[in-house]
Amino acid sequence: MVRVGVKLLPALKIRIKNLELCIKPLFASFFILIALFWPSQAFAQVLNEFLSNPSLGPDWVEIYNFTPNSVDLTSWILVDSRSTISTLSGVINPSGFVAIDVSDRLNKSGDSIYLKNSSGETIDSYTYSSDPGLDISIGRSPDGGNWAILSSPTKGGPNSSRASTPNPPSSPFPSDSP
């Protein structure tokens, strides 16, 4: 009986060794795939809301940071379909909001808004193709979620609920331009 166990032990060692040779590449591949296909909001600072047709005051864009860390926005930029509309500075707190007045730079009938980090990498973008109406904002509902026409503007704070109108036409993730 002992001899049978001795004969099986080398075979078992070989099978375990073969299993290890198979598992290690699979394990490494898993982490590589996670790194390559992680959602585009890996930075976790997103365009969260904007108002392109205010009755009073300037157009504005809001950024939301849904990470547990403060983020330095120095040299980050907001860009529309034509050019840079604002160079950012300051810090956005964890789970915080920053609203940026952009004068009258957002086109009422449609535009693209890009958030780029200090390296020029597009972190988030949104393209809208129509005016939702006077004093009606477009934003993510819930904060950091899907784009929708909101029931009321919430500049610099948590977004209100979706309005009864359908979602605006959009391109929800960054594109390669400008």
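The coordinates are above.
Notes on the structure follow. All chains use their own residue numbering, which begins from 1 and follows the written sequence. Whole-chain, interface and lining totals are the exception, using all residues; otherwise, since this is a predicted model, local features are given only for residues with pLDDT of at least 70 and side-chain atom pairs are given and counted only at 80 or more. Calculated side-chain values reflect all of the structure's heavy atoms, with hydrogen atoms and water omitted.

### Focus: unusual backbone geometry
Residues Ser141 and Pro142 are joined by a peptide bond in cis, for which omega reads 0 degrees. Looking at where Pro142 falls in the secondary structure, it is placed in the loop between strand S10 (138–141) and strand S11 (146–149). With phi around 55 degrees, Ser103 is a residue other than glycine that occupies positive phi space. Helix numbers and strand numbers start at the N terminus; a helix is a DSSP run of H or I with at least 4 residues, a strand a run of E with at least 2. In this fold, Ser103 is placed in the loop between strand S7 (96–101) and strand S8 (111–116).

### Focus: the packing of aromatic side chains
In this scheme Phe, Tyr and Trp rings, the latter by its six-membered ring, pair at centre separations within 6.5 Å, and the angle between planes marks the pair as stacked below 30 degrees, edge-to-face above 60, and tilted otherwise. Enumeration according to the criterion identifies 6 aromatic pairs in this entry. Members of the aromatic cluster, joined through ring pairs, are Phe50, Tyr126, Tyr128 and Trp147.

### Quick look at the sheet that holds S8
Paired through their backbone hydrogen bonds, the strands of a sheet run either parallel or antiparallel. With antiparallel pairing, 4 strands are arranged side by side in an open sheet as S5-S4-S8-S9. Both edges of this open sheet fall to strand S5 (84–87) and strand S9 (122–128), since each of them pairs with a single strand only. With direction set aside, neighbouring strand axes in the sheet form an average angle of 15 degrees. Pairing analysis gives 3 bridges linking strand S4 (residues 77–79) to S8, with the strands arranged antiparallel. Opposite Val79, over in S8, you have Tyr114 as the bridge partner. The rule for pairing is simple: two strands pair if DSSP sees at least two bridges between them. For helices, the fitted line uses only the C-alpha atoms of the stretch in contact; every axis is such a line through C-alpha atoms, and the angle between N-to-C directions lies from 0 to 180 degrees.

### Considering the pairing of S8
Only protein chains enter the accessibility calculation, which uses a 1.4 Å probe. A residue is then buried if its area is under 20% of the maximum for its type, exposed if over 50%, and partly exposed in between. The element S8 is largely enclosed, with a buried count of 6 among its 6 residues. Both faces of S8 are covered, namely the face carrying Asp111, Ile113 and Leu115 and the face carrying Ser112, Tyr114 and Lys116. For S8 and S9, the ladder comprises 6 bridges, and the chain directions are antiparallel. Directly across from Ile113, in S9, lies its bridge partner Tyr126.

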